[in-house]
Amino acid sequence: ANSTDGYLNMDIYEVALSVHVTCVVITGSFFAIRGIWMLTESPLLSHRWVKVLPHVIDTVLLLSAIALAVVTAQYPLVHTWLTVKVVLLVVYVLLGVGALRGKSRKVRMGCFLAAMATFGYIVTVAYYHHPLGLFWGIP
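Residues numbered from 1 in each chain as written. Predicted model: local features only at pLDDT ≥ 70, side-chain atom pairs only at ≥ 80, totals over all residues. Heavy atoms only, no water.

**Thoughts on helix 3 (residues 80–101)**
Step number 1: Taking 1.5 Å as the rise per residue, helix 3 with 22 residues should run 32 Å; its terminal C-alpha atoms sit 32 Å apart, in good agreement.
Step number 2: Three or more residues of helix 3 are buried, namely Trp81, Leu82, Lys85, Leu88, Tyr92, Gly96, Gly98 and Ala99. (Helix = DSSP H or I, 4+ residues; strand = E, 2+ residues; numbered from the N terminus. Expected span 1.5 Å × (residues − 1). Buried < 20%, exposed > 50% of the residue type's maximum accessible area, 1.4 Å probe, protein only.)

**A short note on the nonpolar core**
Step number 1: Counting 14 residues, the largest nonpolar core has Phe31, Tyr92, Ala99 and Phe112 as its most contacted members.
Step number 2: Ranked by the residues each element gives to this core, the list is headed by helix 4 (residues 105–128), at six residues.
Step number 3: If we skip the residues at most four places from it in the chain, tyrosine 92 touches Thr27, Phe31, Ala115, Thr118, Phe119 and Ile122. (Core = buried A, V, L, I, M, F, W, Y, C linked by side-chain atoms within 4.5 Å. Contact = heavy atoms within 4.5 Å.)

**Observations regarding unusual backbone geometry**
Step number 1: Even without being a glycine, glutamate 41 presents a positive backbone phi close to 55°.
Step number 2: The residue glutamate 41 is located in the loop between helix 1 (5–39) and helix 2 (48–72) in this model.
Step number 3: Accessibility expressed as a relative area gives 61% for glutamate 41, which makes it exposed.
Step number 4: The backbone phi angle of leucine 77 is positive, close to 75°, even though this residue is not glycine.
Step number 5: In this structure, leucine 77 sits in the loop between helix 2 and helix 3.
Step number 6: According to the relative accessible area criterion, leucine 77 is exposed, its value standing at 79%.

**Let's talk about the side chain of threonine 27**
Step number 1: Among the structural elements, threonine 27 can be located in helix 1.
Step number 2: Judged by its relative accessible area of 9%, threonine 27 falls in the buried class.
Step number 3: Residues within four places of threonine 27 in sequence aside, it is in contact with Ile57, Asp58, Leu61, Tyr92 and Phe119.

**What to know about the environment of alanine 115**
Step number 1: Along the chain, alanine 115 falls in helix 4.
Step number 2: For the pair alanine 115 and alanine 67, spaced 48 residues apart in the sequence, the C-alpha separation amounts to 25 Å.
Step number 3: Beyond its immediate sequence surroundings of up to four residues, alanine 115 is in contact with Phe31, Tyr92, Leu95 and Gly96.

Purely geometric stuff here, so don't read any function into it on its own.
Written out as structure tokens, the structure is:
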């Protein structure tokens with residue numbers, strides 16, 4: 001190992017973090033837009049690109065998350081905040097499926113609102129690196 005290894009890891013970290021945060025913003029925004037389209041019964045939801053784009057964004061998001069985990073040596077099941085983040089991600093995905101494919105408008109709306117709240121909570125857990133996210137400092 002030479003003295004530039006630390007700089008290389010820092011460069012990888014900064015790029016991975018930038019890509020990850022950018023994808024978080026895009027995926028959250030696009031989910032919100034699709035949720036609004038679902039609630040307004042917009043025909044835009046049926047376009048092929050609307051169905052494909054989230055998978056592309058989420059793949060890049062996942063790859064950047066893996067890069068961040070490797071570079072920082074922080075892993076789910078080892079670091080509690082990251083474990084909570086992954087569990088919440090699974091909940092968010094399930095709620096997202098319910099929001100976009102639920103049998104009734106009421107179910108879709110409830111799942112959409114719960115998914116958006118879960119997404120927000122995931123962001124605070126990631127930001128604070130704490131399982132309680134934004135709520136960890138509240139007495």
